[in-house]
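Close look at the chain arrangement
Here are the chains, one letter per residue:
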Amino acid sequence: MLTGIRHLGGQIRGRAARYRWAWPRRIALGAVLVIVVPVLTAGVTLRLNYSGDPGDGTRTRGRDAIWLGHAWVDGRKDDADLAAFATRIEGTGIKDLYVHAGPLEHDGTLPAGRYPRAKWLLDAVHRTLPGIRVQAWLGDVLATEGPDGLRLERAASRTAVVASARQILDAGFDGVHFDLEPLHSGDRHYLSLLDDLGALTGARGARLSVAAHQIDPLPAAHSVIGALSGSEKWWSQKFFGQVARRVDQIAVMSYDTWMPLEGMFGGYVAHQTALALEVTPKDTDLLMGLPFFHESDLGHHESAETVEAAVRGTRLGLGRTDRGRERFGVALYVDFAARDGDWAAYRAGWN
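Calculation notes
- Each residue is numbered by its place in its chain's sequence as written, counting from 1.
- Predicted model: local features are reported for residues with pLDDT of at least 70 only, side-chain atom pairs are reported and counted for 80 or more only, and whole-chain, interface and lining totals are derived from all residues.
- Hydrogens and water are ignored here; the side-chain numbers use all heavy atoms of the structure.
- Per the convention used, a helix needs a DSSP run of H or I reaching at least four residues, while a strand needs a run of E reaching at least two, with both numbered from the N terminus.
- Throughout this description, buried means an accessible area under 20% of the type-specific maximum (1.4 Å probe, protein chains only), exposed means over 50%, and partly exposed covers the range between.
- Residue contacts are counted whenever heavy atoms from the two residues lie within 4.5 Å of one another.
- The salt bridge definition used is simple: a Lys or Arg side-chain nitrogen within 4 Å of an Asp or Glu carboxyl oxygen.
- The axes are straight lines fitted to the C-alpha atoms, using for helices just the contacting stretch, and the angles between their N-to-C directions are given from 0 to 180°.
- Should an angle lie under 35 degrees it is considered roughly parallel, over 145 roughly antiparallel, and from 65 to 115 roughly perpendicular; all remaining angles are considered oblique.
- Each crossing gets its handedness from the near helix: less than a right angle anticlockwise from the far helix is left-handed, clockwise is right-handed.
- In the scheme used here, Gly and all other residues not listed as nonpolar or charged are polar, with Ala, Val, Leu, Ile, Met, Phe, Trp, Tyr, Cys and Pro taken as nonpolar and Asp, Glu, Lys and Arg as charged.
- In summary, the pairing rule links any two rings of Phe, Tyr or Trp, Trp by its six-membered ring, whose centres are within 6.5 Å, and it sorts them by plane angle into stacked for under 30 degrees, edge-to-face for over 60 and tilted for everything else.
- Throughout this description, the term charge over a ring refers to an Arg CZ or Lys NZ atom that lies within 6 Å of the ring centre and within 35 degrees of the ring normal.

A word on the environment of Gly 139. On the secondary structure map, Gly 139 appears in strand β3 (residues 133-141). With a relative accessible area of 9%, Gly 139 lands in the buried category. Placed 34 residues apart in sequence, Gly 139 and Glu 105 show a C-alpha to C-alpha distance of 9.1 Å. If we skip the residues at most four places from it in the chain, Gly 139 touches Pro 103, Leu 104, Asp 179 and Leu 180.

See below:
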């Protein structure tokens, strides 16, 4: 009898031990399912979003753009380089050149010595590439996630940025293109700055364009990731529309997406294209960014973020959402990192 009791006690203790270990395992499994299942579901959804035929009417409208490096205005480029570039873009839909003429100082000012060869470039482009517009690409780090950078909440800084834009237009540029990062969704000071810049460029008959963050792939995604990491990646669709209504062109930086596979990346670009089309006014040029650069890190996987996938995703999003949209194109980032294969994929897929 005592032996039986000891045996029963051992069984009870064994079961208790198993239960003690079972609950942590169940909790761990539940946590894995909570994280992994949505990720897998999202991956399948994006891959399905990449399927199908873009169809007719989803190629260039002759409103494309390319970001060009600082070498074009600091003396490193010459007539031979421009001739080679002209050959490179011949027969494509490229209309706008975003030429790096900055960066801005953290107080919003722009030293004139940053673009000493601007007159040569402007005269040469207008002479040899008629119809092509040259916009000054100005940017700076914003002090939104660290102590250093441009502070848009300061009225004096915004006034200085407008003065820098005026300075650029006085130099002969056809427009000004701003890339200010990291720019948080809903920033009312940025909207105020765009209002002031739009008044300037409108009075001059010049172009105002901006590089834009991606749009929340899920509702309030920017708020969630901001709360978890302190760094917002996306804009709300509403804020994207508010920005798009204040500019002549808006170029989505639709790369550095974290996507690990080409099909997922293409599906993501298709989704971004649709979201942007839904809120961009018909009289604003909407451009989807193409990754003309090669590196691999947490945000950008070279094997996944290909030009082929970006072009196909763009065409799919356009065809499903607003096939007849005329003020639409792609923007190539960036000339100095591009390879022949990138140009070939752009030509074959989009032109």
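This brings us to the pattern of salt bridges. Per the stated rule, a full pass over the model turns up 14 salt bridges. Here Lys 119 and Asp 123 are joined by a salt bridge, their closest N and O atoms 2.7 Å apart. A residue pair is termed a helical-turn pair when its members lie 3 or 4 positions apart in one helix, as Lys 119 and Asp 123 do in helix α3 (residues 118-128) at four residues. Among the salt bridges present, the one from Arg 204 reaches Asp 170, with a minimum N-O distance of 2.9 Å. Of this pair, Arg 204 sits in helix α5 (residues 188-204) while Asp 170 is found in helix α4 (residues 155-170), placing the two residues 34 residues apart along the sequence.

Two numbers describe how α5 lies on helix α7 (residues 237-244): the axes approach to 10 Å, and their chain directions differ by 20°. On the basis of their axis angle, the class for α5 and α7 is roughly parallel. Classified by chirality, the crossing of α7 by α5 is left-handed. Listed contacts from α7 to Tyr 190, Leu 191 and Leu 194 of α5 are Phe 239, Gln 242 and Val 243. In terms of residue class, the contact of α5 with α7 is built from five nonpolar, one polar and no charged.

With that settled, the discussion passes to the packing of aromatic side chains. Inspection of the entire model under this criterion finds 16 aromatic pairs. Taking 5.3 Å as the distance between ring centres and 85° as the angle between the ring planes, the aromatic pair formed by Phe 292 and Trp 343 counts as edge-to-face. Placement of the pair is Phe 292 in the loop between β7 (285-291) and α9 (307-321) and Trp 343 in helix α10 (residues 340-350), with a sequence separation of 51 residues. For the pair Phe 292 and Trp 343, one class covers both residues: buried. Each member of the aromatic cluster is reached from another via a ring pair, and the members are Trp 67, Tyr 98, Trp 137, Tyr 255, Phe 293 and Tyr 333. In this arrangement the basic side chain of Lys 233 is found over the ring face of Trp 258, its NZ or CZ atom lying 4.9 Å from the centre. Between the NZ or CZ atom of Arg 312 and the centre of the ring of Tyr 50, over which it lies, the distance is 5.1 Å.

Everything listed here is a matter of geometry and, on its own, says nothing about what the molecule does.
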